[in-house]
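Results of the structural survey
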Amino acid sequence: MFDTILIANRGEIACRVIETAQAMGVRCVAVFSDVDAGSKHVQMANEAVHIGGAAPKDSYLRGDVIVEAALDRGAQAIHPGYGFLSENPEFVELIQAAGLVFIGPDADAIRAMGLKDAAKVVMEKAGVPVVPGYHGADQTKLPARAEEIGYPVLIKAVAGGGGKGMRLVEEPADFEDALKSAQSEALTAFGNDTVLIEKYVSKPRHIEVQVFGDGKRAVHLFERDCSLQRRHQKVIEEAPAPGMTQEMRDEMGGAAVRAAAAIGYKGAGTVEFIVDASEGLRSDRFYFMEMNTRLQVEHPVTEAITGVDLVEWQLRVAAGEALPKEQGQLALNGHAFEARLYAEDVPAGFLPSTGTLQHLQFPATARADSGVRAGDAISPFYDPMIAKVITFGPTRAVALARLRKALSQTEVAGTVTNLAFLGALASHKEFVAGDVDTGLIARDIDDLTAPIVPEPQHAVAAAMAVAGVERNQPEAGFTLWEPLARTITLSRNGEEFEVVMRAEGPDRQRWAVAGADIFAERVAGQWQIDGQVAPQVHLGTDTVTVFDAYGITYRIVDPLDRAAAAQGNGNIIEAPMPGLVKAVFARAGENVVKGDRLAVLEAMKMEHALLAERDGVVADVLVIEGEQIEAGAALVKLKEEG
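Residues numbered from 1 in each chain as written. Predicted model: local features only at pLDDT ≥ 70, side-chain atom pairs only at ≥ 80, totals over all residues. Heavy atoms only, no water.

1. A closer look at the environment of A467
Looking at the secondary structure, you find A467 in helix 17 (residues 456–467). Take A467: its relative accessible area is 0%, and that puts it in the buried class. Between the C-alpha atoms of A467 and A609, which are 142 residues apart in sequence, the distance is 42 Å. (Helix = DSSP H or I, 4+ residues; strand = E, 2+ residues; numbered from the N terminus. Buried < 20%, exposed > 50% of the residue type's maximum accessible area, 1.4 Å probe, protein only.)

Now the structure itself:
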């Protein structure tokens, strides 16, 4: 076994690798960028090395600097985590040329699976079913082959991922425009505008199989269902797949093992399949989609149902050991779910968010894999994941009930999150029944993203915290000669309102808010609001968060300072978050109509189009392409109306 390894990553996955490696007695060297100097993975590691600036290209994508750090600190191997350089064959070769071990597959295996079109050819030869389509090199044949396959079809970038370079085409007349759009996006995102086309599956389920090889043989560790997606990105995953028959499990598992064997695979990998569930799960209706030659984000659900520590297996196989278990020794037990908790504004279109995590707490009943702690900042430079919340149970129903409870008990303050959205998904009727497909979220997006409407009791709990009632502060005290009245002004979603307290004794108050009369009293040392135990609350500098209904945050309004800036009338288009100005379409003097794209902002690995809020004329363009800007920065100004 290795004495020391370097983890070429950050955040949650770096912490995950460090946890297992240190438990095995292996020293861990972390690497960090300028903004990650005080991060959790740096704190957990035995030592850490600074490798560059905040942007990934200046740090976590600098393979030469990472290898130099590993050599300098005496590491024998490098673990890539996921993302960044984890599927970069040139990085693997750089590591091996330095006499180090890459904890993962060899460069040839990564290359074989790196391009979707080439991978499909390999899979066809290995007897793995693939979706009907065209993945040849001659791009001029695409329109004719689309006609042969039959509409609807999917156009997909061969070097793609995360939904970039992907377009659904339902009619022949739309094909050329969609093709040009997909190729342009693919070229920008991946530096490769080659695409393939596939038959579109009407009720698709995304089911993937965890495989593991030692270069000589491979096994599968059963399947995961990753069908709950938005923008082609996974939200909640589970293992095993609901409704899976043993016959289909055997067929899919066998196909995945053949895929791994075809490229002499070594390490952890995932073979992803698209399943046509229009007639239920059938063993003749699954097709190879792609292979991820690394550890997946959702690997914890597989660990839960198999009892296998996949990171431990990675280290052991990379160190030269044979596979720890044969196929017959692997058994499926129980059910597990993973929910991805992100800093993002769901009602605003899943807009990634930043901010400092003033408070962060997970229930002890669930596994929470996280790369951040209370006090850490969500940076605009990286993926805004806060944590993965994982639950396990003997049955799907029990595991899902535990997930709902864990989400309801998760506490986050300091940034907006998708916690309520995850809770809505976990309670969705079709999902609860196991009737899932990749279109579920899009179909019910309005219900799933409906903002939570606070109850008067929530405002009272917030006001009590501001008044210091629960902390017995003197200013919240009680006078014997007259009732004490106090007014707290709060704001939510831009609307101010007052919460008024009249003390009836040291342990009793009447609160008035939005026409409701709320009674609060302390019973056996614990405050109750209208007979219910008061929820936990976090009091920040200018906000207060009530940990009920997945977290409800109010802004504390200072009555002496209400000189807020006048609300915009659509004249100024501002950046909703820090980011890079990827493109500017607006030109001074040009006419625009409501909904026109004025600029594109790139932040947190995603592109966000900024649109005109009204018809008008561009007065000024205040940014240039390539400029790094802060949240709230003015980008485009329209001429005043009238």
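Past the structure itself, the notes keep going.
2. Considerations on the sheet that holds strand 5 (residues 101–102)
Overall, parallel pairing links the five strands, which are arranged 3-2-1-4-5 in an open sheet. Strands with a single pairing partner mark the edges of an open sheet, and in this sheet they are strand 3 (47–52) and strand 5. Taken together, the four bridges between strand 1 (residues 4–7) and strand 2 (residues 27–33) define a ladder with parallel strand orientation. Bridged to T4 within strand 2 is R27. (Pairing = 2+ DSSP bridges.)

3. A look at the pattern of salt bridges
Tallied over the entire structure, the rule returns 39 salt bridges. The closest approach of N and O atoms between E321 and R316, which form a salt bridge, is 2.9 Å. Residue classification places R316 among the partly exposed residues on the basis of a relative accessible area of 24%. When the shortest N-O distance is used, the salt bridge between D376 and R373 registers 3.0 Å. Given a relative accessible area of 14%, D376 falls into the buried group. On the basis of relative accessibility, which here comes to 22%, the residue R373 falls in the partly exposed class. (Salt bridge = Lys/Arg side-chain N within 4 Å of Asp/Glu carboxyl O.)

4. Side note on the layout of surface pockets
Considering only enclosed or pocket space, the second largest pocket measures out at about 950 Å³ in volume. Residue lining of the second largest pocket: 34 residues in total, with V416, T417, R492, G551 and T553 positioned closest to the centre. Elements represented by at least two residues in the lining of the second largest pocket include exactly strand 23 (411–413), helix 13 (419–426), helix 16 (445–448), strand 24 (484–492), strand 31 (543–546) and strand 32 (552–556). With five residues, the top contributor of residues to the lining of the second largest pocket is helix 13. Taken together, the residues of the lining of the second largest pocket sort by class into 17 nonpolar, 12 polar and five charged. (1 Å grid on protein atoms, 1.4 Å probe; cavity = no way out; pocket = protein on both sides within 12 Å on 5 of 7 lines; lining within 4 Å. Points joined across faces, edges and corners; volume = space filled by probe spheres on them. Nonpolar A, V, L, I, M, F, W, Y, C, P; charged D, E, K, R; others polar.)

5. Quick notes on a negative patch on the surface
Taken together, the side chains of E170, E171, D174, E176 and D177 present a region of like negative charge at the surface. In this fold, E170 is placed in the loop between strand 8 (166–169) and helix 8 (175–190). (Patch = residues over 30% accessible without salt bridge, like charges linked within 9 Å, V, L, I, M, F, W, Y side chains within 5 Å. Areas by Shrake-Rupley, 256 points an atom, 1.4 Å probe, with all protein chains shown as cover. Lys, Arg positive; Asp, Glu negative; His and termini not counted. Charge placed at Lys NZ, Arg CZ, Asp CG, Glu CD.)

6. Remarks on the state of the cysteines
Scanning all chains against the criterion turns up zero disulfides. This cysteine, C28, is not joined by any disulfide, and C15 carries the nearest cysteine sulfur, 11 Å off. (Disulfide = S-S within 2.5 Å.)

7. Re empty space enclosed by the protein
Scanning the model with the defined rule gives three cavities of 30 Å³ or more in all. The space that makes up the largest cavity amounts to roughly 100 Å³. In terms of lining, the largest cavity is formed by 15 residues, of which the most central are I103, G104, G267, A268 and Q314. Put simply, the parts of the chain that give the lining of the largest cavity at least two residues each are strand 13 (266–276) and helix 11 (310–318). Grouping the amino acids of the lining of the largest cavity by side-chain chemistry returns eight nonpolar, five polar and two charged.

8. Focus: the packing of aromatic side chains
To describe a pair of aromatic rings, you give the distance between the ring centres and the angle between the ring planes. Enumeration over the complete set of coordinates arrives at nine aromatic pairs. Pairing F381 with Y382 gives two aromatic rings, centres 6.4 Å apart and planes at 55°, and the pair type is tilted. Relative accessible area serves as the criterion here: at 30%, F381 is assigned to the partly exposed category. Taking relative accessible area as the criterion, Y382 reaches 3% and is therefore assigned buried. Seen from the ring of F431, R396 lies directly overhead, with NZ or CZ sitting 5.1 Å from the centre. (Phe/Tyr/Trp six-rings, centres within 6.5 Å; stacked < 30°, edge-to-face > 60°. Lys NZ or Arg CZ within 6 Å of the ring centre and 35° of its normal.)

9. Quick word on the packing of helix 12 (residues 396–408) against helix 13
One can describe the packing of helix 12 onto helix 13 by two numbers: an axis separation of 10 Å at closest approach and a directional angle of 155°. Classed by the angle they form, the pair helix 12 and helix 13 counts as roughly antiparallel. Crossing of helix 12 over helix 13 shows left-handed handedness. Here L400, L403, R404 and L407 of helix 12 lie close against helix 13, whose contacting residues are L419, L422, G423 and A426. (Axes fitted to C-alpha atoms, helices over the stretch in contact; angles between N-to-C directions. Parallel < 35°, antiparallel > 145°, perpendicular 65-115°, else oblique. Left-handed = near helix turned anticlockwise from the far one by under 90°. Contact = heavy atoms within 4.5 Å.)

10. Quick look at the environment of F547
Within the fold, F547 resides in the loop between strand 31 and strand 32. The exposure class assigned to F547 is buried, which follows from its relative accessible area of 12%. The spatial distance from the C-alpha of F547 to the C-alpha of E574 is 31 Å, given a sequence separation of 27 residues. Sequence-distant contacts of F547, that is, excluding residues within four places in its chain, are made with H359, E411, V412, A413, P535, Q536, V537 and H538.

11. Considerations on the sheet that holds strand 35 (residues 591–592)
Here we have four strands laid out as an open sheet, ordered 33-40-38-35, and antiparallel in their pairing. Here the strands that pair on one side only, and so sit at the sheet edges, are strand 33 (572–574) and strand 35. In this structure, strand 35 lies alongside strand 38 (residues 616–621), joined through two bridges in antiparallel fashion. Across the sheet, residue V592 finds its bridge partner in strand 38, namely G616.

12. Digging into the side chain of R285
With respect to the helices and strands, R285 occurs in the loop between strand 13 and strand 14 (286–292). Here R285 falls in the buried class, since its relative accessible area comes to 16%.

13. Comments concerning the pairing of strand 12 (residues 233–239)
In terms of burial, strand 12 is largely enclosed, as six of its seven residues are buried. Bridge analysis of strand 11 (residues 218–230) against strand 12 gives four bridges, and the strand direction is antiparallel. Residue pairing across strands places Q229 opposite K234, the latter belonging to strand 12. Counting the residues between successive antiparallel strands, the hairpin from strand 11 to strand 12 contains two residues, one of them, R231, with a positive phi of roughly 55°. Bridge count between strand 12 and strand 15 (residues 335–342): four bridges; the pairing is antiparallel. In the strand pairing of strand 15, E237 is matched with E338.

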